[in-house]
Amino acid sequence: MRVLVVEDEVTMAETIRDGLTAQGFTVDLVHDGVDGLWTATESPHGAYDVIMLDIMLPGLSGYEVCRQLRGRGVWTPILMLTAKDGDYDQADALDLGADDYLVKPFAFVVLIARLRALIRRGAPERPAVLRSGELTLDPAERQVRLAGQPVTVTPREFAMLEFLMRHPGQAMTKTAILENVWDAHFDGDPNIVEVYIGYLRKKIGRERIETVRGAGYRVADHAADATDADLKSR
């Protein structure tokens with residue numbers, strides 16, 4: 001089982017490498033984001049079974065390395081390692097395609113268990129592109145397009161739009177959106193949902209996200225966009 005460890009704290013990185021090696025893992029070790037990205041995609045050793053990726057790295061952050069790996073179609077399981085333990089930090093890592101998240105300091109036995117669980121799970125299949133008329137969302141490339149043109153969205157906006165597009169024709173309640181896009185234990189202002197719906201409407205068109213009174217929000221069915229336009233032009 002081959003593991004790539006991308007960690008800039010040299011002492012910790014070597015401790016992790018020595019511990020994993022003692023458990024029978026084969027470990028490659030690099031100390032910055034640029035080398036981590038190159039090694040994960042170009043290593044002569046071949047594909048890794050899992051990548052351990054620190055968030056605070058020189059060169060490229062762990063967030064950016066994760067985003068670029070997923071954008072290039074690299075679906076090796078990623079375990080994020082970080083001293084940051086905020087809910088938003090964890091959510092951002094998972095939104096960008098990480099598979100798990102471990103906060104420092106951690107027990108080595110927990111690390112081993114997490115790694116083995118990810119290896120058993122294996123690399124996920126590339127997600128299908130979601131479509132609603134001229135609106136597309138590619139979970140693999142983390143890309144939203146409208147009529148073929150890229151739409152710039154934040155990780156949170158992307159997560160909300162993806163959640164809505166994975167439930168076509170269904171009105172999703174504010175509670176469901178909070179639990180799936182933020183956190184099941186979110187205790188902030190629930191009106192944050194309306195705020196982000198507003199952000200998305202400005203970027204993809206107000207008519208593309210419908211408010212269903214008393215039920216929630218849904219992505220409008222624009223599957224017939226082209227047909228409707230053709231008919232109107234005749």
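Residues numbered from 1 in each chain as written. Predicted model: local features only at pLDDT ≥ 70, side-chain atom pairs only at ≥ 80, totals over all residues. Heavy atoms only, no water.

Looking up the protein in an unreviewed UniProt entry gives the name DNA-binding response regulator, with the organism given as Paractinoplanes deccanensis.

S.K.: Would you take a moment to explain the sheet that holds strand β9 (residues 149–151) for this structure?
M.R.: Whenever strands of a sheet pair, they do so through backbone hydrogen bonds, lying parallel or antiparallel. Strand order in this open sheet of 4 strands is β6-β7-β8-β9, and the pairing throughout is antiparallel. Only two strands of the sheet have a single neighbouring strand rather than two, namely β6 (130–132) and β9. Taking the axes of each pair of neighbouring strands and ignoring which way they run, one obtains an average angle of 25° across the sheet. Pairing of strand β8 (residues 143–146) with β9, which is carried by 3 bridges, proceeds in the antiparallel orientation. By the bridge assignment for β9, R145 is matched with P150. Helix α6 (residues 155–165) contacts β6, β7 (135–138) and β8 of the sheet and is inclined by roughly 110° relative to β7. (Pairing = 2+ DSSP bridges. Helix = DSSP H or I, 4+ residues; strand = E, 2+ residues; numbered from the N terminus. Axes fitted to C-alpha atoms, helices over the stretch in contact; angles between N-to-C directions. Contact = heavy atoms within 4.5 Å.)

S.K.: Any chance you could explain the pairing of β8 here in plain terms?
M.R.: Looking down a regular strand, the side chains alternate between one sheet face and the other. Bridge count between β7 and β8: 4 bridges; the pairing is antiparallel. Opposite D138, over in β8, you have Q143 as the bridge partner. Linking β7 to β8, which pair antiparallel, is a turn of 4 residues; within it R142 sits at a positive phi near 55°. Where β8 folds back on β9, the antiparallel hairpin that results is connected by 2 residues, among which A147 adopts a positive phi of roughly 55°.

S.K.: I tried to follow the pairing of strand β10 (residues 209–212) on my own but got confused; where do I start?
M.R.: Relative to strand β11 (residues 216–219), β10 runs antiparallel, the two sharing 4 bridges. The residue bridging V212 from the neighbouring strand is G216, located in β11. Between β10 and β11, which follow one another and run antiparallel, lie 3 residues, and G214 among them has a positive phi close to 80°.

S.K.: Just to check I follow, could you spell out the nonpolar core for this structure?
M.R.: Counting residues in hydrophobic clusters, the biggest one holds 27 residues, and the most contacted among them are V144, M160, L161, L164, I177, W182 and V193. Where this core is concerned, the elements lending two or more residues are β7, α6, α7 (174–182), α8 (192–204) and β11. With 7 residues, the single largest contributor to this core is α6. With near-sequence residues (within four places) excluded, L164 lies in contact with M172, I177, I197, I209, Y217 and V219. In this structure, L4, L37, I55 and C66 belong to the second largest nonpolar core, which totals 20 residues. (Core = buried A, V, L, I, M, F, W, Y, C linked by side-chain atoms within 4.5 Å. Buried < 20%, exposed > 50% of the residue type's maximum accessible area, 1.4 Å probe, protein only.)

S.K.: Would you explain the side chain of K104 in this entry?
M.R.: Assignment of secondary structure puts K104 in the loop between β5 (100–103) and α5 (108–121). Residue K104 is classed as buried on the basis of its relative accessible area of 11%. A distance of 2.9 Å separates the side chain of K104 from the side chain of E7, its partner in a polar contact. One polar contact links K104 to D54, side chain to side chain, over a distance of 3.2 Å. (Polar contact = N/O pair within 3.5 Å; in protein donor to acceptor, adjacent residues only side chain to side chain.)

S.K.: Is there a simple way to explain the packing of α7 against α8 in this structure?
M.R.: To characterise two packed helices, one gives the angle between the axes of the helices and the distance between these axes. Running from N to C, α7 and α8 cross one another at 80°; their axes reach a closest spacing of 10 Å. With respect to α8, the axis of α7 lies roughly perpendicular. For the pair α7 and α8, contact is made by K174, I177, L178 and W182 and by I192, V193, E194 and Y196, respectively. Of the residues in the contact of α7 with α8, the class split is 6 nonpolar, no polar and 2 charged. (Parallel < 35°, antiparallel > 145°, perpendicular 65-115°, else oblique. Nonpolar A, V, L, I, M, F, W, Y, C, P; charged D, E, K, R; others polar.)

S.K.: Looking at this structure, how should I read unusual backbone geometry?
M.R.: Among all residues except glycine, the phi angle is most often negative; among peptide bonds, the trans geometry is most common. At the junction of K104 and P105, the peptide bond is cis and its omega measures out at -10° in the coordinates. Following the sequence through the fold, P105 ends up in the loop between β5 and α5. Within the chain, A147 stands out as a residue other than glycine whose phi angle is a positive 55°. You can see A147 is positioned in the loop between β8 and β9.

S.K.: Would you take a moment to explain the sheet that holds β5 for this structure?
M.R.: If you trace the 5 strands from one edge of the open sheet to the other, you get β2-β1-β3-β4-β5, paired in parallel fashion. Two strands bound the open sheet, and with one partner strand each, they are β2 (26–30) and β5. Strand-to-strand twist across the sheet, computed as the mean angle between neighbouring axes with direction ignored, equals 20°. Alignment of strand β1 (residues 2–6) against β2, held across 5 bridges, turns out to be parallel. Along β2, the bridge assignment pairs R2 with T26. With respect to the sheet, helix α1 (residues 10–22) is in contact with β1, β2, β3 (50–54) and β4 (78–82), its orientation differing from that of β2 by roughly 170°. Taken strand by strand, α5 contacts β3, β4 and β5, and its axis lies near 175° from that of β5.

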